[in-house]
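These are the residues of each chain, in order.
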Amino acid sequence: MPGRFVAAGRALREGLHGFRFTGRALALVWSLERSLFAVTVGLMVLAGVLPTVMAWVGRGVIDTAAALAAVADTGPSYDPLWGWVALEGALALALLAGARVGDVVGALLRVRLAHQVERMLLDRARRLPLSAFEDSRFYDRLVRARREAGSRPLSTVSRVASLAQGGASLAGVGALLWMFSPWAVLALVVAAVPAVLVEAKYSGRAFALANFRAPEGRERSYLSTLLTRDDYAKEVRAFGLGQTLLRRYDRVFERVYPEDRALAMARGLWGWVTGTLSSLVFFGIYGSIAWATARGQLTLGEMAMYVALVRQGQNAVANLLRTLGGTYEDNLYLSNLFGFLDHPVQEDAEGRTEGLVPGDGIRFEGVCFRYPGANVDALTDVDLHLPPGTSLALVGGNGSGKTTLVKLLTRLYTPTRGRILLDRLPLECWDERALRRRISLVFQDFIRYQMRAGDNIGLGDIDRAEDELGWRRAARRGMAAPFIEALPQGYETQVGRWFEGGVDLSGGQWQKLALSRAFMRAESDILVLDEPTSAVDPEAEQAFFEQVRARSEGRSLVLVSHRFSTVRDADLIVVMDDGRVVERGGHQALMADEGRYAQLFSIQAAGYR
């Protein structure tokens, strides 16, 4: 016996654990939309009570009508009958009005809650470390969380409101039906249990399938993107890839469809079995009510009331238990949502706004870095010093560690070992906002913002994002001003083809916008350029670097480039290979050493002869 109690207790705990996110979801909705939440629950409770009251009033209508029919020859007063009818009509109108108001409130709650929860996800995503976005498992979690973000919290609220409605309905039905037979009440409850067990079982299977297939979902989304995005359209059509990609899209679907089909068929079969059992119980009780009426134990009004109550009770019990099963399913999916919202983030901790030794510049001291999940270091024992106003050029083959070094310098990553200092203060000790204001940058894979031309520049300094004079100054420095001023609405022109009226730009024009965005942050004293002119012509490239040199006085410049004509004038050239610094010095000294730099420079120079 003690063992049975222990097992029962364990089962109860596991069952309750399956509903562990319900309270959190309700607290979330309550904190976001308190008034709409309260109205929703109140209307659902009202909808649960009114049908039972209407069944009782309907008994009064029928019995009063029957009594009046028996004395019709004596000219009875019909006032009591009209009173019952008017009361039932008023209740029906109240039920209808409550349903319509509930629809309106539900629609408003659905829209507002979907926005608020999606915003929470986006806010969490913006504060995640960059390493999270380079992990495929993280993307699976993000897909699962976003898939349920707009529906599951609201579904949980709706189900809790349905529980309140079902509880109110069942209480009224049970109280009236108990007067006929307690066994009828018990039979209704017992008959609904198998349906709940079946629903819980297949809800769990559906959840497991959805989680297991997150990679397939992302693959289908990616293939869809390849077929529908403008930045992929040219190559997809030029290589005739459309049909091949569409076949791959179909193959992914065909891999997962058999599981969906098997689940749907099993769920449908067992749903039919449990539905049949419930119907048999209903007709058994219905027959006993009819038998009691035939024997004169019930009036016609009581018979109609009890039949309506049995149907209401059956629906109430089934809905109540089904709602419990649905709440369990919601909790399974909410684990994805709240699991993502609980993912550790980088908090905007306060730090110092100036270094320990202002004017010391940038220092790398024994810096090593390994990407999450990698087996080898991307950078190994990097030591550098870049005084203020000094230009540093990073050269080397693909994968040599140049861009990784830039990511560490801009604090997108933290070194695995060693440290990076700015003015003798480690980067992690800086106030992040103050550090960001010190650095302007252009990445090779810069963003093409589908916004106004001016927005593409203004986003370089979020505090002055709407400063049109700042746009124009930055555009002149980034060589974007001539083509922007030739656009239909100038800086107000929508660029990119994603939105109506947008003007498409060439690769070089997009890159000039990105360069102008870097110059928008006028007070920065560190300029980082990662392949900044890869999409512009040689003439524009030469003009750009003349602009950079002219306007970088007092600034530190970090330049990553494969074009040696752009790096030869740097104060310090660092050659990287396999994550290590293999050579350093000025152009003339490195050429005289006849090492790796001289070899690469000669190979590139030969291509221009």
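Use the structure listed above.
Residues numbered from 1 in each chain as written. Predicted model: local features only at pLDDT ≥ 70, side-chain atom pairs only at ≥ 80, totals over all residues. Heavy atoms only, no water.

What follows covers empty space enclosed by the protein. Counted by the stated rule, this structure contains 1 cavity of 30 Å³ or more. The volume enclosed by the largest cavity comes to roughly 50 Å³. Contributing to the lining of the largest cavity are I362, F364, L384, H385, L386, L392, L405, L409 and V558. When contributions to the lining of the largest cavity are tallied by element, the ones reaching two or more residues are strand 1 (362-369), strand 2 (379-386) and helix 12 (402-409). Of the residues forming the lining of the largest cavity, the biggest block, 3 residues, is contributed by strand 2. Looking at side-chain class alone, the lining of the largest cavity contains 8 nonpolar, 1 polar and no charged residues. (1 Å grid on protein atoms, 1.4 Å probe; cavity = no way out; pocket = protein on both sides within 12 Å on 5 of 7 lines; lining within 4 Å. Points joined across faces, edges and corners; volume = space filled by probe spheres on them. Helix = DSSP H or I, 4+ residues; strand = E, 2+ residues; numbered from the N terminus. Nonpolar A, V, L, I, M, F, W, Y, C, P; charged D, E, K, R; others polar.)

Quick look at the sheet that holds strand 10 (residues 580-585) now. Taken in spatial order, the 6 strands line up as 6-7-8-3-9-10 in an open sheet, and their pairing is mixed. Every other strand in the sheet has two partners, leaving strand 6 (439-442) and strand 10 as the edge strands with one partner each. Put simply, the sheet's adjacent strands are angled 15° from each other on average, direction ignored. Here strand 6 runs beside strand 7 (residues 526-530); their pairing, made up of 4 bridges, is parallel. (Pairing = 2+ DSSP bridges. Axes fitted to C-alpha atoms, helices over the stretch in contact; angles between N-to-C directions.)

What follows deals with the nonpolar core. Of all hydrophobic cores here, the largest spans 37 residues; its most connected members are I457, I484, L513 and Y597. Considering every element that reaches this core, the biggest residue donor is helix 17 (residues 507-520), with 7 residues. What I484 contacts, discounting residues up to four positions off in sequence, is A453, I457, A475, G490, Y491 and L513. F364, L435, I439 and L572 belong to the second largest nonpolar core, which has 30 residues in total. (Core = buried A, V, L, I, M, F, W, Y, C linked by side-chain atoms within 4.5 Å. Buried < 20%, exposed > 50% of the residue type's maximum accessible area, 1.4 Å probe, protein only. Contact = heavy atoms within 4.5 Å.)

Turning to the pattern of salt bridges, a few remarks are in order. Using the criterion set out here, one finds 16 salt bridges in the structure. For E365, the salt bridge is made with R419, and the minimal N-O distance between the two is 2.9 Å. One end of the pair, E365, is in strand 1; the other, R419, is in strand 4 (residues 417-422), and 54 residues separate them in sequence. (Salt bridge = Lys/Arg side-chain N within 4 Å of Asp/Glu carboxyl O.)

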